[in-house]
Amino acid sequence: VAEVLPWSGEVPPNREIRCMCGVFGYVTDRDAALGPILIEAAQRLTYRGYDSVGAATLRDGTIDLRKDVGKVDAVALRHGFAEMRGSRGITQLRWATFGEPSQVNAQPHLDSDGSMVGAHNGNVVNNAELRLQFQAEGMTVRSDNDGESCVHAVERHMRRGHEMVDAIRLAYGDLEGDYAFVIGRADDDRLYAFKKGSGLVVGIGERVLEQAQRQAAHTAVALQALANAHPQVGDVRGLGAMMAIEI
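All values derive from a computational prediction rather than experimental measurement.

S.K.: Residues and numbers for the overall build of the protein chain, please.
M.R.: Per the secondary structure count, the protein chain includes six helices and 10 strands. By the burial criterion, 51% of the 247 residues in the protein chain qualify as buried. A fraction of 65% describes how many contacts in the protein chain between residues 6 or more apart in sequence connect residues 24 or more apart. Only carbon and sulfur atoms are counted for the fraction: they give 49% of the accessible area of the protein chain, which is about 10900 Å².

Given below as structure tokens:
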């Protein structure tokens, strides 16, 4: 567990702010109104710069995915983020790397049959090559975005008969670059996260949202956190039980 650094709520003046994506995942043990939580999380990531925003919730074996180009408040209002419910949720702010700003390129992304959803922060440098491979393997590739390649990389190994954690381990080897990624399955009760190079924090407790903001702005980590371990996979479920798995 890392030391918690004092923080005033402002981005330190000597800290360079670059345009980059931001992603946030949330897990609870009951069906809940996750929309307001995801909107607040997205609002707290806006300082990073972005062109589009999306949110997904997982509930009763289904995935509710809403996303578009624009500012958080406008997109949330246009697509009714506030009404989204579930036991797991993901929100992502995207700054275009692969693919122009568009609704289809916005994150999160689905796998081919809509049974998994995921989003990333970072840059998968072999995205173009992977997209061709996934198309040749019969997957439905909807966008140009490298976040979708993260989802299909896991899907690839699930199709080959691997369980979720093993599929993630194998996907990690396929995805080149510097990124953090979170993914969930409709028929599961957890979210999975893995990272290569980029930061990844898993918090457990009532103040997770506040502490996630602190980590994003000033490298503070609170509660039970996994940070700066490389490589790393987190499996988060229920009341926040979390397991780190060596790749």
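Picking up after the structure, the text goes on.
S.K.: Residue-level account of the pattern of salt bridges, with values.
M.R.: Enumeration over the complete set of coordinates arrives at 17 salt bridges. With its nearest N and O atoms 2.8 Å apart, the salt bridge here joins Asp64 to Arg66. Among the salt bridges present, the one from Arg169 reaches Asp166, with a minimum N-O distance of 2.7 Å. In this pair, Arg169 and Asp166 are both assigned in helix α5 (residues 164-174), three residues apart and thus about one turn of the helix distant. Judged by its relative accessible area of 29%, Arg169 falls in the partly exposed class. Taken together, the shared-partner salt bridges connect Glu137, Arg156, Arg160 and Asp174 into one network.

S.K.: Just give me the short version of the sheet that holds strand β2 (residues 52-59), but keep the residues and values in it.
M.R.: Here we have four strands laid out as an open sheet, ordered β1-β4-β2-β3, and antiparallel in their pairing. Taken across any chain shown, the strands that pair with only one partner, and hence form the sheet edges, are β1 (22-33) and β3 (62-69). The sheet shows a mean angle of 10° between the axes of neighbouring strands, taken without regard to direction. Looking at chain direction, β2 and β3 are connected through eight bridges and run antiparallel. Directly across from Ser52, in β3, lies its bridge partner Val69. Helix-sheet contacts for helix α1 (residues 35-44) involve β1, β2 and β4 (85-94), and the interaxial angle to β1 is about 165°. Contacting β2, β3 and β4, helix α2 (residues 72-79) runs over the sheet at an angle of about 130° to β3.

S.K.: Lay out the packing of aromatic side chains with the relevant residues and their values.
M.R.: Taken as a whole and judged by the stated rule, the model has three aromatic pairs. With a centroid separation of 6.5 Å and 25° between ring planes, the pair formed by Phe24 and Tyr26 is classed as stacked. Here Phe24 falls in the buried class, since its relative accessible area comes to 8%. Tyr26 sits in the partly exposed class, given a relative accessible area of 26%. Both rings, one in Phe181 and one in Phe194, keep their centres 5.2 Å apart while their planes meet at 70°; by these two values the pair is edge-to-face. Of the two residues, Phe181 is situated in strand β7 (residues 177-185) and Phe194 in strand β8 (residues 190-196); the sequence distance between them amounts to 13 residues. Grouping residues by exposure puts Phe181 and Phe194 together as buried.

S.K.: Talk me through the nonpolar core; I want residue IDs and the actual numbers.
M.R.: Counting residues in hydrophobic clusters, the biggest one holds 22 residues, and the most contacted among them are Val154, Leu175, Phe181, Ile183 and Phe194. Filtering out sequence-adjacent residues up to four positions away, Val154 remains in contact with Met116, Met164, Ala167, Ile168, Ala171, Phe181, Ile183 and Phe194.

S.K.: Account for the environment of Ala55, with residues named and values stated.
M.R.: With respect to the helices, strands and loops of the structure, Ala55 is situated in strand β2. Overall, the relative accessible area of 0% leaves Ala55 in the buried class. Spatially, the C-alpha atom of Ala55 lies 9.6 Å from that of Asp68, the residues being 13 residues apart in sequence. The contact partners of Ala55, leaving out residues within four places of it in the chain, are Leu38, Asp64, Leu65, Arg66, Phe81, Met84, Ile90, Thr91 and Pro108.

S.K.: Before we move on, could you go through unusual backbone geometry and cite the residues and values that matter?
M.R.: The omega angle of the peptide bond from Gln107 to Pro108 is 5°, so this bond is cis rather than trans. Within the secondary structure layout, Pro108 lies in the loop between β4 and β5 (109-110). A positive phi is found at Asp60, a non-glycine position, where the angle reads about 50°. Residue position: Asp60 is located in the loop between β2 and β3.

S.K.: A description of the confidence of the model for the protein chain should follow, citing residues and the corresponding values.
M.R.: With 72% of its residues at a pLDDT of 70 or more, the protein chain shows a mean pLDDT of 79. Note on residues 209-232: pLDDT is under 50 here. Beyond four places in sequence and across chains, it has 76 contacts. Here residues 236-247 is a poorly scored stretch, pLDDT under 50, and it has 39 contacts once near neighbours within four places are set aside; other chains count.

S.K.: An account of α5 is needed here, citing residue identities and associated values.
M.R.: Each turn of an α-helix holds 3.6 residues, which means side chains three or four residues apart point in the same direction. Those residues of α5 lying buried are Met164, Val165, Ala167, Ile168, Ala171, Tyr172 and Asp174. An end-on view of α5 places all buried positions within 165° of arc, on one side of the element.

Rules used in this analysis
- Residues numbered from 1 in each chain as written.
- Predicted model: local features only at pLDDT ≥ 70, side-chain atom pairs only at ≥ 80, totals over all residues.
- Heavy atoms only, no water.
- Helix = DSSP H or I, 4+ residues; strand = E, 2+ residues; numbered from the N terminus.
- Buried < 20%, exposed > 50% of the residue type's maximum accessible area, 1.4 Å probe, protein only.
- Contact = heavy atoms within 4.5 Å.
- Areas by Shrake-Rupley, 256 points an atom, 1.4 Å probe, with all protein chains shown as cover.
- Salt bridge = Lys/Arg side-chain N within 4 Å of Asp/Glu carboxyl O.
- Pairing = 2+ DSSP bridges.
- Axes fitted to C-alpha atoms, helices over the stretch in contact; angles between N-to-C directions.
- Phe/Tyr/Trp six-rings, centres within 6.5 Å; stacked < 30°, edge-to-face > 60°.
- Core = buried A, V, L, I, M, F, W, Y, C linked by side-chain atoms within 4.5 Å.
- pLDDT = per-residue confidence, 0-100.
- Arc of directions from axis to C-beta.

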